[in-house]
Amino acid sequence: MYWYAMKSHDIRHNLATEQYLMNNKKFDEPLVLFYYEGPCIIVGRNQNTLEEINQKYVEENDITVTRRLSGGGAVYQDLGNLCFSFVVDSDSEEFGDFKSFVQPIVDALHAMGAKSVEVSGRNDILVDGKKFSGNAMYSHSGKTFSHGTLMLDVDQDVIAHALNVPEDKMKSKGIKSVRSRVTNLKPYLAPEYQNLTVPEFRDTLLKELFHVDNLDAIADKEVQIADSEQAAIDQIFNDYYANWDWVYGNSPEFTVKKRQHFTAGTIDARLLVDGGKIENIKFYGDFFGPSDATELADKLKGVRYDREHVGAVLNSVNTQLYFNGIETQDVLDLLVD
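The name given to the protein in an unreviewed UniProt entry is lipoate--protein ligase, with Levilactobacillus hammesii DSM 16381 as the source organism. Database annotation for the protein, UniProt heading Catalytic activity (unreviewed entry): "L-lysyl-[lipoyl-carrier protein] + (R)-lipoate + ATP = N(6)-[(R)-lipoyl]-L-lysyl-[lipoyl-carrier protein] + AMP + diphosphate + H(+)".

Set out below in structure tokens:
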């Protein structure tokens with residue numbers, strides 16, 4: 001088996017590296033990858049991004065959002081989480097057989113004292129009955145990768161805010177995440193492993209996977225990435241993981257209902273969003289204004305459905321013409337929060 005520990009802490013660069021190694025490197029043995037990154041949300045290939053995230057909280061807390069190639073649900077990660085990925089020939093493992101893919105990780109964690117770790121359901125790894133790892137799989141050009149999370153010491157308070165979207169506000173045909181009871185792995189490890197940093201945790205797992213006492217013993221198995229290959233990885237980063245069209249525009253059509261009562265009247269907004277942009281919007285309610293609110297609706301059609309772009313439209317007009325007595329900022333908060 002070959003291995004590679006990614007240097008970047010940007011999930012978008014790491015997913016681009018994973019994709020490049022899978023599609024462009026030839027290996028005569030399986031490959032295991034490890035990476036960890038700053039606060040981020042990764043949505044599954046078939047999900048509606050805006051339906052999975054608390055957009056206002058994500059923007060205010062500088063949380064990176066991207067979309068992966070594999071299916072499954074949305075996950076939150078920070079520097080307390082370690083990701084792993086196994087890349088194999090497609091004919092060497094049956095697609096969807098997550099248990100076979102993750103068993104080496106499970107065995108390593110057992111060796112580190114987490115005896116109650118087990119694979120459960122379709123694609124989760126549990127400890128003491130609580131989820132600390134979600135996994136997803138993708139096949140292309142004769143290769144399959146299975147990647148997953150390992151919540152060593154993640155800020156779980158952020159998870160509750162960043163992935164919290166009221167179900168009655170937004171409806172689409174996207175594949176929705178199933179929220180599970182989650183926990184960190186750290187307390188379940190043997191005492192000598194409970195103070196490991198994430199890099200130390202990664203290196204310990206590597207030594208367990210390869211059955212060696214130090215990484216020097218497997219230096220010849222470490223993958224090297226040339227400058228020319230890094231340029232190709234950067235291109236994948238730009239084309240996919242940092243590309244708004246891939247992250248948001250690839251979302252399925254969805255509807256949004258936003259209603260709020262203000263002192264000056266009630267606004268009931270109904271939006272149809274497709275490809276991440278407002279396709280249609282209608283305003284209902286008992287608000288007053290000298291101009292017809294359909295004029296504002298027409299200006300919003302075709303606009304990206306996010307705070308920046310909707311706000312730019314609202315700030316370019318006098319919203320008092322449509323919603324007299326209601327502040328522009330309040331209208332913006334209603335539409336996009």
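Draft legend 1. Molecular detail of helix H7 (residues 227-241). In this model, H7 (15 residues) spans 20 Å end to end at C-alpha, consistent with the 21 Å of a helix rising 1.5 Å per residue. Along H7, the residues classified as buried are Glu229, Ile233, Ile236, Phe237 and Tyr241. Looking straight down H7, one finds its buried side chains confined to an arc of 105°; they lie on one side. Exposed and facing more than 90 degrees away from the buried side of H7 are Asp227 and Ser228. Buried residues in H7 make contact with helix H1 (11-24), strand S4 (64-67) and helix H8 (244-249).

Draft legend 2. Local environment of unusual backbone geometry. Positive phi outside glycine occurs at Asp62, with the angle close to 55°. Tracing the chain through its elements places Asp62 in the loop between helix H3 (55-60) and S4. Residue classification places Asp62 among the exposed positions, given a relative accessible area of 68%. Its identity is not glycine, yet His211 carries a phi of approximately 60°, on the positive side. Note that His211 resides in the loop between helix H6 (198-210) and H7.

Draft legend 3. Seen up close, the state of the cysteines. Tallying each qualifying case throughout the model produces 0 disulfides. The closest cysteine sulfur to the non-disulfide-bonded Cys40 is located on Cys83, 7.2 Å from its own sulfur. Given a relative accessible area of 2%, Cys83 falls into the buried group.

What counts and how
Residues numbered from 1 in each chain as written. Predicted model: local features only at pLDDT ≥ 70, side-chain atom pairs only at ≥ 80, totals over all residues. Heavy atoms only, no water. UniProt positions renumbered as here; feature names shortened; annotations may be inferred. Helix = DSSP H or I, 4+ residues; strand = E, 2+ residues; numbered from the N terminus. Expected span 1.5 Å × (residues − 1). Buried < 20%, exposed > 50% of the residue type's maximum accessible area, 1.4 Å probe, protein only. Arc of directions from axis to C-beta. Contact = heavy atoms within 4.5 Å. Disulfide = S-S within 2.5 Å.

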